[in-house]
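Tertiary structure, described
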Amino acid sequence: MTIDAYVLTDWFAEKARDLPWRRPDCSAWGVLVSEIMLQQTPVARVEPSWHEWLARWPVPSALAAATPADVLRMWGKLGYPRRALRLRDAATVIAEQHDDVVPSDVDTLLALPGIGAYTARAVAAFAYRKRCPVVDTNVRRVIARAVHGAGDAGPASNTRDMADAEKLLPADDEQAARMSAALMELGAIVCTARNPRCADCPVYDSCAWQLAGKPAYAGPAKPVQKFAGTDRQVRGLLLDVLRDTSTPVPKTRLDVVWSDAGQRDRCLDSLLVDGLVEQTTDGLFALPGEH
DNA sequence: CATCCGTGGGC
DNA sequence: TGCCCAAGGAT
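Residues numbered from 1 in each chain as written. Chains lettered and ligands numbered in written order. Predicted model: local features only at pLDDT ≥ 70, side-chain atom pairs only at ≥ 80, totals over all residues. Heavy atoms only, no water.

Per an unreviewed UniProt entry, the recorded name for chain A is Adenine DNA glycosylase, and the organism is Actinophytocola algeriensis. According to UniProt, the comment filed for chain A under the heading Catalytic activity (unreviewed entry) is "Hydrolyzes free adenine bases from 7,8-dihydro-8-oxoguanine:adenine mismatched double-stranded DNA, leaving an apurinic site." Regarding chain A, the relevant UniProt record gives this comment under Sequence similarities (unreviewed entry): "Belongs to the Nth/MutY family." (UniProt positions renumbered as here; feature names shortened; annotations may be inferred.)

Written out as structure tokens, the structure is:
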């Protein structure tokens, strides 16, 4: 089974959300910033931050000139703050080696920190309107259902998933870019993981999953990530303290956030290693680069 | 390939 | 209410 590109892109033109990074006047830098922020963070929480970032840092060189501390504060609670540092690192490379222009070539994009298989192709497709497969969790689910008739996508296989997506793209670059966006949008607002809105689906009639009677997902169980009590939670609590202070703090200020001293110290060490925290010469702790 | 890396909202 | 999920990437 396949997915009709005309039907899906027509649906996209009529029903897609009006997101700022999709507007024709949005820069490639704006697209890149959005893609990084959207890695594991929902659209609703990204949108306000995206506007603030683009207003403050409208070009890569502007972000490259900011301190990591400023960048981490602007990142706020979007989560996975290493993304913010890598985006700043990527901006530095773009400013210094690419004349402050976000690359359009997938392999060049892949060489930038924090940019992987998905983001590189998303920038090429959405910012530069290229025909290249864009595979995220939404596209994988849509293809699993509409094409393969499965209830959900199994474990990711980059090569296979990209080949599947590529087959769905029209030959024309612009039409292919629209198709890539439409596949993602369908997965995001109609063909959702839980409670898919099949009544609103533009390709319902040809959906292999629907035609098969919507069988339940039969593949291996997906690993569930715990959060409460993990290092991830503790690191978040430690960073929370440092984001909210303008001056370096003694370790005692960090010790109060978690009772397990061993875990607390391990997390602080890992934050130092990751470059998310810095220790001053007098032994105080702060976000990097603000003293 | 599995695991780790934050955070919050919906059901 | 606990659990699942959200435009992934690096190791």
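That shown, we press on.
Taken domain by domain, chain A consists of domain 1 (27-126) and domain 2 (231-286). Using only C-alpha atoms to locate each centre, domain 1 and domain 2 end up separated by 25 Å. Between domain 1 and domain 2, roughly 740 Å² of surface is buried when both sides are summed, and carbon and sulfur atoms account for 55% of that area. One can count two salt bridges joining domain 1 with domain 2. We note a salt bridge from arginine 82 to aspartate 274, for which the minimum N-O separation is 3.9 Å. If you look at where domain 1 meets domain 2, you find five residue pairs in polar contact (both at pLDDT 80 or more). Elements with a contribution of two residues or more to the side of domain 1 that touches domain 2: α5 (68-75) and α6 (82-97). Tallied by class, the residues present in the side of domain 1 that touches domain 2 amount to four nonpolar, one polar and three charged. (Domains from an automatic or database assignment. Buried area = accessible area lost by both parts, 1.4 Å probe. Salt bridge = Lys/Arg side-chain N within 4 Å of Asp/Glu carboxyl O. Polar contact = N/O pair within 3.5 Å; in protein donor to acceptor, adjacent residues only side chain to side chain. Helix = DSSP H or I, 4+ residues; strand = E, 2+ residues; numbered from the N terminus. Nonpolar A, V, L, I, M, F, W, Y, C, P; charged D, E, K, R; others polar.)

Right, let's get into the UniProt feature "domain: HhH-GPD" (unreviewed entry) in chain A. Under the feature "domain: HhH-GPD" (unreviewed entry), the UniProt entry names residues 37-189. For residues 37-189, helix accounts for 64% and strand for 0%, while the C-alpha atoms at its two ends are 19 Å apart.

Turning to the protein's contact with DNA strand C, a few remarks are in order. What surrounds DNA strand C is a group of 26 residues, the closest being Trp21, Leu38, Thr119, Asp136 and Asn138. Near the protein, meaning within 4 Å, the atoms of DNA strand C are sugar or phosphate in a fraction of 68%, with bases accounting for the rest. Here arginine 17 contributes a side-chain N or O atom positioned 3.5 Å from a base nitrogen of DNA strand C. Contact between DNA strand C and tryptophan 21: a base nitrogen at 2.8 Å from a side-chain N or O atom of the residue. Mapped by element, the contributors of at least two residues to the surface near DNA strand C are α8 (117-126), α9 (137-147) and α11 (173-189). (Near = heavy atom within 4 Å.)

Attention shifts here to the protein's contact with DNA strand B. What surrounds DNA strand B is a group of 17 residues, the closest being Arg45, Gln225, Phe227, Arg235 and Gly236. Expressed as a percentage, the sugar and phosphate content of the atoms of DNA strand B within 4 Å of the protein is 52%. Within the backbone of glutamine 40, a nitrogen or oxygen atom sits 3.1 Å from a base nitrogen of DNA strand B. At five residues, the largest contribution of residues to the surface near DNA strand B is made by helix α13 (residues 231-243). Each residue belonging to the surface near DNA strand B can be placed in one class, and the counts come to four nonpolar, five polar and eight charged.

A few words now on unusual backbone geometry. Positive phi outside glycine occurs at glutamine 40, with the angle close to 75°. Structurally, glutamine 40 can be placed in the loop between α2 (28-37) and α3 (43-56). With a relative accessible area of 68%, glutamine 40 lands in the exposed category. (Buried < 20%, exposed > 50% of the residue type's maximum accessible area, 1.4 Å probe, protein only.)

A separate point is the packing of α2 against α8. Relative orientation and spacing of two packed helices are given, respectively, by the angle between their axes and the distance between those axes. Where α2 contacts α8, the two axes come as close as 10 Å, and the packing angle between them is 145°. The way α2 lies across α8 gives a crossing that is right-handed. On the side of α2, the interface is formed by Val31, Leu32, Glu35 and Ile36, while α8 contributes Tyr118, Thr119, Ala122, Val123 and Phe126. (Axes fitted to C-alpha atoms, helices over the stretch in contact; angles between N-to-C directions. Left-handed = near helix turned anticlockwise from the far one by under 90°. Contact = heavy atoms within 4.5 Å.)

In this structure, Ile3, Leu8, Trp29, Leu32, Trp53, Phe126 and Leu186 are the most contacted members of the largest nonpolar core, which totals 88 residues. Two domains each provide a minimum of three residues to this core, namely domain 1 (27-126) and domain 2 (231-286). (Core = buried A, V, L, I, M, F, W, Y, C linked by side-chain atoms within 4.5 Å.)

Next up on the list: the state of the cysteines. Where two cysteines share a covalent bond between their sulfur atoms, that bond is called a disulfide. Within the structure shown, the criterion is met by zero disulfides. Of all cysteine sulfurs in the structure, the one in cysteine 201 sits closest to cysteine 191, which takes part in no disulfide; the separation is 6.4 Å. Using a relative accessible area of 12% as the deciding quantity, one classes cysteine 191 as buried. (Disulfide = S-S within 2.5 Å.)

At a minimum axis distance of 10 Å, the contact between α2 and α6 shows a crossing angle of 155°. Considering their axes alone, α2 and α6 lie roughly antiparallel with respect to each other. The handedness of the crossing between α2 and α6 comes out as right-handed. Counting all contacts with α2, which are made through Trp29, Leu32, Val33, Ile36 and Met37, the residues of α6 involved are Arg83, Leu87, Ala91 and Ile94. Its residues assigned to classes, the contact of α2 with α6 comprises eight nonpolar, no polar and one charged. (Parallel < 35°, antiparallel > 145°, perpendicular 65-115°, else oblique.)

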